[in-house]
Amino acid sequence: MRRVVLLLKYPEPGRVKTRLARAVGPERAARLARRFAEDTLAAVDSLGLAADISFFPPEREADMKAWLGPDRAYHAQSGADLGERMEAAFARAFAHGAERVSLTGADAPDRPAAMLAEALDRLDDHDVVIGPATDGGYTLIAMRRDRFASETFRSMDWGTPKVLAQTMDALRRAGRSVWVLPPWPDIDDEAALRDYLGRCPDAARLLEAAHGR
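Keep in mind that this is a model prediction, so the values were computed, not measured. (Residues numbered from 1 in each chain as written. Predicted model: local features only at pLDDT ≥ 70, side-chain atom pairs only at ≥ 80, totals over all residues. Heavy atoms only, no water.)

### Re the pairing of strand S3 (residues 73–76)
For a regular strand, side-chain orientation follows a simple rule: the groups alternate between the two sheet faces. This is how it is decided: Two strands qualify as a pair provided that DSSP identifies no fewer than 2 bridges between them. In this text, helices come from DSSP runs of H or I with a minimum length of four residues, and strands from runs of E with a minimum of two, each type numbered from the N-terminal end. Throughout, right-handed denotes a crossover for which the path from the first strand over the helix to the second runs clockwise when the strands point away from the viewer.
As judged from the four bridges shared by strand S2 (residues 50–56) and S3, these two strands associate in the parallel manner. For Asp52, the partnering residue across the bridge sits in S3 and is Ala73. One crossover worth recording links S2 to the parallel S3 by way of helix H3 (residues 61–68), and it is right-handed.

Structure representation (structure tokens):
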């Protein structure tokens, strides 16, 4: 069984996309976060893949279901940092019968859906698939249950340009074969947002709507 796990925060102003919020304000940043999540989930749905929503904060479960629909699997994120939350999300999916799991956030909302499918397909002959971000991190990681490498998520400098290189080093030390997808930008600062709006100009309406509030 193949599954996509989507790590999401509930898009509450002031609690999501805080780096973007410094440039565009908390209301605009929350609107963008909502759009990013919806576009990412639509890409998963377009492929007919099952999507689990790993959400934060835990008390927002009812709000998440009202937003994204009740007919999905929802699990509250657990762990002290991003690495622990990612490791726990993989472990939960594998414990519930998944053989292949692709984990992604919503920071690359215009990434082609075909890349999500390729991540799972490439597990036919690789242990791990990773989708680099252009800022030194990554937007997606996929693993097979029989070759899960928990050390991938430990002792990483999360939120820095070192993450991809550190992850690749950890996977090499663990003896895992890795397929690397083409890099794709994630939208987490003002410069990346400008580039995104150039690719997806209709999203600019979210900023205009927030400005009118």
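### Here's the deal with the pattern of salt bridges
Put simply, the test is: Should a side-chain nitrogen of Lys or Arg be within 4 Å of a carboxyl oxygen of Asp or Glu, the pair is scored as a salt bridge.
Counted according to the given criterion, the structure contains 23 salt bridges. Among the salt bridges present, the one from Glu12 reaches Arg60, with a minimum N-O distance of 2.9 Å. A residue pair is termed long-range when its members are at least 10 positions apart, and Glu12 in the loop between strand S1 (2–9) and helix H1 (18–24) and Arg60 in the loop between S2 and H3 qualify at 48 residues. Between Lys65 and Glu61 there is a salt bridge; the shortest N-O distance is 3.1 Å. In this pair, Lys65 and Glu61 both sit in helix H3, four residues apart, roughly one turn of the helix.

### Remarks on the sheet that holds S3
Rule in force here: For helices, the fitted line uses only the C-alpha atoms of the stretch in contact; every axis is such a line through C-alpha atoms, and the angle between N-to-C directions lies from 0 to 180 degrees. Note on contacts: a residue pair qualifies if any of its non-hydrogen atoms lie within 4.5 Å across the two residues.
Across the sheet, which stays open at both edges, the seven strands sit in the order S3-S2-S1-S4-S6-S5-S7 with mixed pairing between neighbours. The open sheet has two edge strands, S3 and strand S7 (178–180), and neither has a second partner. In this sheet, adjacent strand axes meet at a mean angle of 20° when their direction is disregarded. Across seven bridges, S1 lies against S2 in parallel orientation. In the sheet register, Arg3 faces S2, and the bridge partner there is Ala50. Running at roughly 140° to strand S4 (residues 100–104), helix H5 (residues 113–121) makes contact with S1, S4, strand S5 (128–132), strand S6 (138–144) and S7 of the sheet.

### Quick word on the environment of Ala89
Mapped onto the elements, Ala89 comes out in helix H4 (residues 82–95). For Ala89, the contacting residues outside a window of four places in its chain are Val5, Leu7, Ser54 and Leu103.

### Digging into helix H2 (residues 26–46)
So the rule is basically this: Expected helix span is computed as 1.5 Å times (number of residues minus one). To sort residues, take the accessible area from a 1.4 Å probe on protein chains only and compare it with the maximum for the residue type: under 20% means buried, over 50% means exposed, and anything in between is partly exposed.
Compared with the 30 Å implied by 1.5 Å per residue over 21 residues, the 30 Å span of H2 between its first and last C-alpha is a close match. Those residues of H2 that fall on the buried side of the exposure criterion are Ala29, Ala30, Leu32, Ala33, Arg35, Phe36, Ala37, Thr40, Leu41, Ala43 and Val44. Looking one or two residues past H2, Gly48 carries a phi angle of roughly 70°, positive in sign.

Treat this as a map of the structure, not an account of what it does.
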